[in-house]
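A look at the structure
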Amino acid sequence: SIRATIVSHSNENRSMLSRFAKQLCFLTCQACLLLTSTQSAAAQTDGYTAEKLAPYFQRIADDYQITVGNDDLTLRSQPLMNWKNPVRTQSQGALYVWELRGRPQVLGSIFTYQYNNVVRCRHELISLADGPLTARLESDVVWSPNRAGPEWTQWDASLIPAPSASRRLFQMRSIARRFIGKLTMPNGQVSTLTLIPQPLLRYEDADDGVIDGAVFSLAQGTDPEILIVVQAKKSRDDTITFYYSPI
């Protein structure tokens, strides 16, 4: 299986981040085994471009029904991005987000790859929810994690979130740059992932005290392999602090 791990530039954070690396591997394996189905697209690779695949990906995303507690999540009408991974079997896909009152709860990649000269499709979902959720596809429960996706850790309190959104983006990006992701292939080959400086999305959640949040990706090509979620959150004493979670 493909294994993704994450480390930090600073040695003092390394032992703490190893815990997130193990969590990431578990979630990734769980996604591959329980959440994704591989099916023939009944076509050869040569005829399949990103433009032709877009309606096919959208139909699959539309078929998912995802709930957090008693709340139905809403699929954003357009994918966050279309991506390609030229390193691995001509993979290409689209990344979708399901939201609850404007806050991202689930990110899902729907993508194709080539195997034995046949184009196949796979789905990969990851939770950003702060609690259990349930995903159904064609009325069947295909995913039901019983815990939150992120594991929040407070960043250095000396970095005070700026009052402006543009300045906070600069700060959150600087936090994301502190992480290095590695991807290990089944043959043992290791490659370093690249941080995409533009976040996949920004969000806020006044009810939960989240002033600003951003989801960054460490990618191979433009294929997001690891997510770095950073948010500025207000505590009960009105102190605003950055928190982060690699996923």
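Remember, predicted model here, so these are calculated numbers, not experimental data.

What about the sheet that holds strand β4 (residues 71-72)?
On the basis of which strands lie adjacent, the open sheet formed by 4 strands has the order β4-β3-β10-β11 and antiparallel pairing. The open sheet has two edge strands with one neighbour each: β4 and β11 (140-143). When strand β3 (residues 64-68) meets strand β10 (residues 134-137), the two strands line up antiparallel, connected through 4 bridges. Bridging from a neighbouring strand, glutamine 65 pairs with arginine 136 of β10.

Observations regarding the pairing of β11
Pairing of β10 with β11 involves 3 bridges; the strand directions are antiparallel. Bridging from a neighbouring strand, arginine 136 pairs with valine 141 of β11. Connecting the antiparallel pair β10 and β11 is a turn made up of 2 residues, with glutamate 138 showing a positive phi of about 55 degrees.

Concerning the pairing of strand β15 (residues 194-205)
Bridge count for β15 against strand β16 (residues 210-220) is 7 bridges, and the pairing is antiparallel. Across the sheet, the residue bridging to leucine 195 is leucine 218, located in β16. Where β15 folds back onto β16 in an antiparallel hairpin, the turn is made up of 4 residues, including glycine 209, whose phi is positive at roughly 80 degrees.

Thoughts on the nonpolar core
Of all hydrophobic cores here, the largest spans 23 residues; its most connected members are Ile66, Tyr96, Trp98 and Val106. Looking at this core, the elements with two or more residues in it are α2 (50-63), β3, β7 (91-100), β8 (103-115), β9 (118-127) and β10. By residue number, the principal contributor to this core is α2, which donates 5 residues. With 19 residues, the next largest nonpolar core counts Phe216, Leu218, Ile226 and Phe242 among its residues.

Concerning unusual backbone geometry
In this structure, arginine 101 is a non-glycine residue whose phi angle is positive, near 50 degrees. For arginine 101, the location among the structural elements is in the loop between β7 and β8. Unlike most non-glycine residues, aspartate 238 shows phi in positive territory, near 70 degrees. Along the chain, aspartate 238 turns up in the loop between β17 (223-234) and β18 (240-246).

Let's talk about the environment of glycine 108
By the element assignment, glycine 108 lies in strand β8. The exposure class of glycine 108 is buried, given its relative accessible area of 0%. Taking the C-alpha atoms as reference points, glycine 108 and leucine 125, 17 residues apart in sequence, are found 4.2 Å from one another. Those residues in contact with glycine 108, other than ones at most four positions away along the chain, are Ala94, Leu95, Tyr96, Trp98, Glu124 and Leu125.

Considerations on the environment of phenylalanine 242
Within the element layout of this structure, phenylalanine 242 appears in strand β18. For the pair formed by phenylalanine 242 and tryptophan 152, sequence separation is 90 residues and the distance between their alpha carbons is 9.8 Å.

Description of the side chain of glutamate 99
As for its position among the elements, glutamate 99 is in strand β7. Among the residues examined, glutamate 99 registers a relative accessible area of 14% and is labelled buried. Among the polar contacts made by the side chain of glutamate 99, one reaches the side chain of arginine 76 at a distance of 2.5 Å. Apart from the residues lying within four places of it in its own chain, the contact partners of glutamate 99 are Leu73, Thr74, Arg76, Pro104 and Gln105.

Rules used in this analysis
Sequence order as written defines residue numbering, which begins from 1 separately in each chain. Since the coordinates come from a predicted model, pLDDT governs what is reported: local features require at least 70, and pairs of side-chain atoms require 80 or more to be given and counted, while whole-chain, interface and lining totals use all residues. Remark: hydrogens and water are excluded; side-chain values derive from all non-hydrogen atoms of the structure. Should DSSP find at least two bridges between two strands, the strands are regarded as paired. Helix numbering and strand numbering both begin at the N terminus, where a helix is a DSSP run of H or I of at least 4 residues and a strand a DSSP run of E of at least 2. The criterion is simple. A nonpolar core is a set of buried Ala, Val, Leu, Ile, Met, Phe, Trp, Tyr and Cys residues joined through side-chain atoms within 4.5 Å. Only protein chains enter the accessibility calculation, which uses a 1.4 Å probe. A residue is then buried if its area is under 20% of the maximum for its type, exposed if over 50%, and partly exposed in between. Two residues qualify as a contact provided that any one of their heavy atoms is within 4.5 Å of a heavy atom in the partner residue. For the purposes of these results, a polar contact is taken to be a pair of N or O atoms within 3.5 Å, where, inside protein, one atom must be able to donate a hydrogen and its partner to accept one; residues adjacent in sequence count only when each atom of the pair is a side-chain atom.

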